[in-house]
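# Commentary on secondary and tertiary structure
Now for the letters of each chain:
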Amino acid sequence: MEKVKIYSRFERFWHWTQMMLILLLIITGFEIHGTFKALGFETSVRLHSAAGWAFLILTIFAIFWMLVTGQSRQFVPVRNNVKSQIMYYLSGIFKKEPHPVKKTVDSKLNPLQRIIYFGLIILVFPVQLLTGFSYLFFHYPDKPFAFEGLETIAVLHTLGAFLLVAFVLAHLYLITTGHTITSNLQAMITGYEELEDEAQSETAIN
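Note that the coordinates shown come from a computational prediction; the quantities given were computed from them, not determined experimentally.

### Focus on the packing of aromatic side chains
According to the stated counting rule, one finds eleven aromatic pairs in the structure shown. Ring centres of F10 and F13 lie 6.3 Å apart, and the angle between their planes is 45 degrees; this geometry places the pair in the tilted category. Linking F10 with F13, this pair stays in helix α1 (residues 9-32), spanning three residues, or about one helical turn. You can call F10 partly exposed: its relative accessible area is 22%. For F13, a relative accessible area of 47% gives the class partly exposed.

Shown next as structure tokens:
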């Protein structure tokens, strides 16, 4: 095992900022929905709108960074080892079986993670942004969008919110599935992670 710099500063900034924005959007969004009362309706609306704009800006920068650095390849789904990865999470990990896919600098995500993150980037995030901003501009008195109603948009936005909640819960679980219970968390804080011998010859990112 050797410690290798696997996450750049921007990746860590992107990860933690995105996490905080998603949590803020979930909390304020469900309060706006009437699920609970904490911050107050008006405050939640203001925070939700501000977080939505911040998330859009962060996403634009992240897409630009991925395309320029070539890191977008990390999120392209692959067919190999998908079944073995699912079985590992369902049973293999509890039997202390070896991970079916070795993590490297050039391949940070396992096949299942690639599918999930690809779905978030291509489907869930765009739907949430489009439906969320539709809500925002529909309520403006000046030049509102010509919608007959918001029922379909509301259903899609709420469905996306539940998917994000499910992702956050799954992500919290996956954090604990590294070499140690805290190794994945430490890697996203420091940028360094202990990789298997096969990955030692990989070139670390800047």
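### Some remarks on the layout of surface pockets
The volume enclosed by the second largest pocket comes to roughly 800 Å³. Taken together, the elements giving at least two residues each to the lining of the second largest pocket come down to α1, α2 (41-69), α4 (111-138) and α5 (151-175). Looking at the lining of the second largest pocket residue by residue, the classes come out as 17 nonpolar, ten polar and no charged.

### Some remarks on the environment of A161
Within the element layout of this structure, A161 appears in helix α5. Separated by 37 residues in the primary sequence, A161 and V124 place their C-alpha atoms 8.8 Å from one another. For A161, the contacting residues outside a window of four places in its chain are F30 and Q128.

### So, α5
With 25 residues, α5 extends 36 Å from end C-alpha to end C-alpha; this agrees with the ideal 36 Å at 1.5 Å per step. Looking at α5, one finds that the buried residues are I153, H157, G160, A161, L164, F167, V168 and L174. Buried residues in α5 make contact with α1, α2, α3 (82-90), α4 and α6 (183-190).

### Remarks on the nonpolar core
Most often, soluble globular proteins have nonpolar side chains that are buried together. If you look at the biggest cluster of nonpolar residues, it comprises 25 residues, and the most contacted ones within it are W14, F55 and L120. Those elements that place two or more of their residues in this core are α1, α2, α4 and α5. If one sorts the elements of this core by residue count, α4 sits on top with seven residues. In contact with L120, other than residues within four places in its own chain, are F125, P126, L164 and F167. With seven residues, the next largest nonpolar core counts V4, Y7, A187 and M188 among its residues.

### Regarding α3
Each α-helix winds once per 3.6 residues, and so residues spaced three or four apart point in a common direction. Here α3 has its buried residues at V82, Q85, Y88 and Y89. For α3, the angular spread of buried residues about the axis comes to 120 degrees, placing them on one side. Exposed and facing more than 90 degrees away from the buried side of α3 are K83 and L90. Buried residues belonging to α3 abut α4 and α5.

### Observations regarding a nonpolar patch on the surface
Residues M19, M20, L23, I27, F36, L39 and L47 make up a contiguous nonpolar surface patch of about 560 Å² in total accessible area. With respect to the element layout, M20 can be found in helix α1.

What counts and how
- Residues take numbers from 1 onward in each chain, read along the sequence in its written order.
- Residue-level local features of this predicted model are given only where pLDDT is at least 70; pairs of side-chain atoms are given and counted only at 80 or more, and the full residue set underlies all totals for whole chains, interfaces and linings.
- Only hydrogens and water are set aside; all other atoms, that is, all heavy atoms of the structure, feed into the side-chain values.
- Here a pair means two rings of Phe, Tyr or Trp (six-membered ring of Trp) with centres within 6.5 Å. Their orientation is stacked below 30 degrees between planes, edge-to-face above 60, and tilted elsewhere.
- In this text, helices come from DSSP runs of H or I with a minimum length of four residues, and strands from runs of E with a minimum of two, each type numbered from the N-terminal end.
- Residue burial is assigned from relative accessible area. The probe radius is 1.4 Å, only protein chains are included, and a residue is buried under 20% of its type maximum, exposed over 50%, and partly exposed in between.
- Lining residues are those with an atom within 4 Å of a point, where the points come from a 1 Å grid over the protein atoms alone and group into cavities, where a 1.4 Å probe fits but cannot get out, or pockets, open sets with protein on both sides within 12 Å along at least five of seven lines.
- Grid points are joined across faces, edges and corners, and a volume is the space filled by probe spheres set on the points.
- Just so you know the grouping, Ala, Val, Leu, Ile, Met, Phe, Trp, Tyr, Cys and Pro go in nonpolar, Asp, Glu, Lys and Arg go in charged, and all remaining residues, Gly too, go in polar.
- Any two residues having at least one pair of non-hydrogen atoms within 4.5 Å are treated as being in contact.
- Expected helix span is given by 1.5 Å per residue-to-residue step, counting one fewer step than there are residues.
- Here the nonpolar core consists of buried residues drawn from Ala, Val, Leu, Ile, Met, Phe, Trp, Tyr and Cys, with membership extended through side-chain atoms lying within 4.5 Å.
- The arc refers to the directions leading from the helix axis to the C-beta atoms.
- To count toward a patch, a residue needs a relative accessible area over 30% and no salt bridge; like charges are then connected within 9 Å, while nonpolar side chains (Val, Leu, Ile, Met, Phe, Trp, Tyr) are connected within 5 Å.
- All accessibility values rest on the Shrake-Rupley procedure with a 1.4 Å probe; residue burial counts only the protein chains present in the view.
- Any carboxyl oxygen of Asp or Glu within 4 Å of a side-chain nitrogen of Lys or Arg constitutes a salt bridge here.

Bear in mind that shape data such as this cannot, by itself, settle questions of function.
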